[in-house]
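Take a look at the letters that make up each chain.
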Amino acid sequence: MVDKPVILKHLKQQASLIGHMDRLHLLEPSTIFMEFGAGRGKLSHWLQMALGNCAKDVDYLLIDRANNRYKYDRYHRGEDQGPCFQRLNLDIEHLDLSKVPCIQNCKRKIVAVSKHLCGAATDLTLRCLMETLSTDSGKTSAQDTGMEKNTDDRENKRQKLAASEGPVKGVTLALCCHHCCSWPQYVGRPFLQNIGFTAEDFHLLCCLSSWATCGIDVRLKKNLKINAGRTANNSAVNTDSDDWDSDEDNSDDISMQKATTQGNTSENEKGKSENCDEDKWSNYTVSEREEIGRQCKRLIDAGRLWYLESHDFSARLAFYVDSAISLENAVLLATPRT
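Since this is a predicted model, take the numbers as computed values, not measurements.

Rules used in this analysis
- Counting from 1, residues in each chain are numbered in the order their sequence is written.
- Restriction of local features to residues with pLDDT of at least 70 applies here, the model being predicted, together with a cutoff of 80 or more for giving and counting side-chain atom pairs; totals for whole chains, interfaces and linings are based on all residues.
- To get the side-chain values, all heavy atoms of the structure are used, and hydrogens and water are removed first.
- Put simply, DSSP marks the helices as runs of H or I at least four residues long and the strands as runs of E at least two long, and each gets a number from the N terminus on.
- The definition of a polar contact used here is a pair of N or O atoms within 3.5 Å, where within protein one atom must be able to donate a hydrogen and the other to accept one, and adjacent residues in sequence count solely through side-chain atom pairs.
- By definition, residues are in contact when any of their heavy atoms lie within 4.5 Å.
- The rule for pairing is simple: two strands pair if DSSP sees at least two bridges between them.
- Each axis is a line fitted through C-alpha atoms, taken for helices only over the stretch in contact, and angles between the N-to-C directions span 0 to 180 degrees.
- By salt bridge we mean one thing: a side-chain nitrogen of Lys or Arg within 4 Å of a carboxyl oxygen of Asp or Glu.
- Burial classes follow relative accessibility: with a 1.4 Å probe on protein chains only, a residue under 20% of its type's maximum area counts as buried, one over 50% as exposed, and anything between as partly exposed.
- pLDDT runs from 0 to 100 and stands for how confident the predictor is about each residue.

Concerning the side chain of Ser-209
Step number 1: Its location among the elements puts Ser-209 in helix 6 (residues 199-209).
Step number 2: Of the polar contacts made by the side chain of Ser-209, one reaches the backbone nitrogen of His-179; its length is 3.4 Å.
Step number 3: Leaving out residues up to four positions away in the same chain, Ser-209 has contacts with His-178, His-179, Gly-293, Cys-296 and Lys-297.

What follows is the structure, encoded as structure tokens:
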């Protein structure tokens, strides 16, 4: 039984993501599961536990530019612990999947997963999946010298085939940190440009998206509690000093003074609580700012859905956990059109 709220929170998120994958029929044999921004590999660990050791011809490829400690790979090194985890330590921007050994000349399907893939990393992942893979993975031209630009190299390898014929079977990306998105890496630029957005507008969109998760309401309530505690302590100190210096004859006057002070304090705190909901710079209430932030996030995600649909994928957004568990609770789901 898990008794730590933080651990339980992450377990609920991982279980929900795996449940969404199961409903899309992505938990099947003959699959390469690729976790982008893998970190310690918790999601792949529980994914392997869900599939069990009986799953045939399954591999796990974990991609992260950092070398993390206490990785969950250690639970999958024995012969009876399922397939070993393979890792690639590099930036997703520089990843060419057609040159990965376990993917070259392989007929297995690929399922891409991630949990809270930050900002531009989501766009780099989508571009990597759509533009560096083909049905003839690994067959590169002998004339490639490595001097060409990455974009030109990817365009030469890309084949205009139906998504159902390609190697990508499904995408499950839990989104995060839209304020870290970048216009050059963003995959939905044509989508936003068609509705009149510029690079500067996109930058403002990313900045405003942070309003949805910056915890304004939590900080205001915390500050109110701190101020209330300080006021109570000051009142107690003043009361003690007054009682120490006063005579018994003035006890009634002191009681009246304390009651008046407490009444004024409660009125001041009430006034602060009424005014704290409105931001003095934006003139929006906390709930209005959060709603604006959520709408900015969904607009950024709409461009990503457009990008996947332009590559013959059926894509949609879903909320995989309650906002009380995580404010970043949106997941991007995509499967090839049939």
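Here the narrative resumes.
Some words on the sheet that holds strand 3 (residues 85-88)
Step number 1: Read across the sheet, seven strands follow the order 3-2-1-4-5-7-6 without closing on themselves; strand pairing throughout is mixed. Of all the strands in the sheet, the pair left with one neighbour each is strand 3 and strand 6 (313-319). If you compare each strand with its neighbour and ignore which way they point, the axes differ by 15 degrees on average.
Step number 2: The pairing of strand 1 (residues 31-36) with strand 2 (residues 58-63) spans six bridges and is classified as parallel. Within strand 2, the residue paired with Thr-31 across the bridge is Val-58.
Step number 3: Strands strand 1, strand 2, strand 3 and strand 4 (109-118) of the sheet are contacted by helix 2 (residues 42-51), whose axis makes an angle of about 170 degrees with strand 2.
Step number 4: Lying on the sheet, helix 9 (residues 286-309) is in contact with strand 5 (168-176), strand 6 and strand 7 (330-336); it crosses strand 6 at an angle near 155 degrees.

Thoughts on the pattern of salt bridges
Step number 1: In total, this model carries ten salt bridges according to the counting rule given.
Step number 2: A salt bridge links Glu-131 to Arg-127, with the nearest nitrogen and oxygen atoms 3.6 Å apart. Placement of both Glu-131 and Arg-127 in helix 3 (residues 120-131) is noted, with a separation of four residues, approximately one turn of the helix.
Step number 3: Classification of Glu-131 by relative accessible area gives buried; the value is 8%.
Step number 4: Among the ionic pairs, Glu-328 bridges to Lys-297, the shortest N-O distance being 3.0 Å. Taken together, the residues span a long stretch of sequence, with Glu-328 in the loop between strand 6 and strand 7 and Lys-297 in helix 9 at a distance of 31 residues.
Step number 5: On the accessibility criterion, Glu-328 (11% relative accessible area) is buried.
Step number 6: Judged by relative accessible area, Lys-297 falls into the buried class, the value being 4%.
Step number 7: Salt bridges sharing partners connect three or more residues here, namely Asp-123, Arg-298, Asp-301 and Arg-304.

Focus on the pairing of strand 2
Step number 1: Within strand 2, six of the six residues are buried, which leaves the element mostly enclosed by the surrounding structure.
Step number 2: Burial along strand 2 is two-sided: Val-58, Tyr-60 and Leu-62 facing one way and Asp-59, Leu-61 and Ile-63 facing the other are all buried.
Step number 3: Where strand 2 and strand 3 come together, four bridges link them in parallel fashion. Across the sheet, Leu-61 pairs through a bridge with Gln-86, a residue of strand 3.

Side note on the confidence of the model for the protein
Step number 1: Looking at the protein as a whole, its pLDDT mean stands at 79, while 68% of the residues score no less than 70.
Step number 2: The spread of mean pLDDT over the elements of the protein runs between helix 8 (residues 251-275), the lowest at 50, and helix 5 (residues 189-194), the highest at 97.
Step number 3: Predicted confidence is poor over residues 135-149, with pLDDT under 50, and the contacts of this stretch with residues over four places away or in other chains come to 16 contacts.
Step number 4: Taken together, the stretch residues 157-161 has pLDDT below 50 and engages in 13 contacts with residues farther than four places along the chain or on a different chain.

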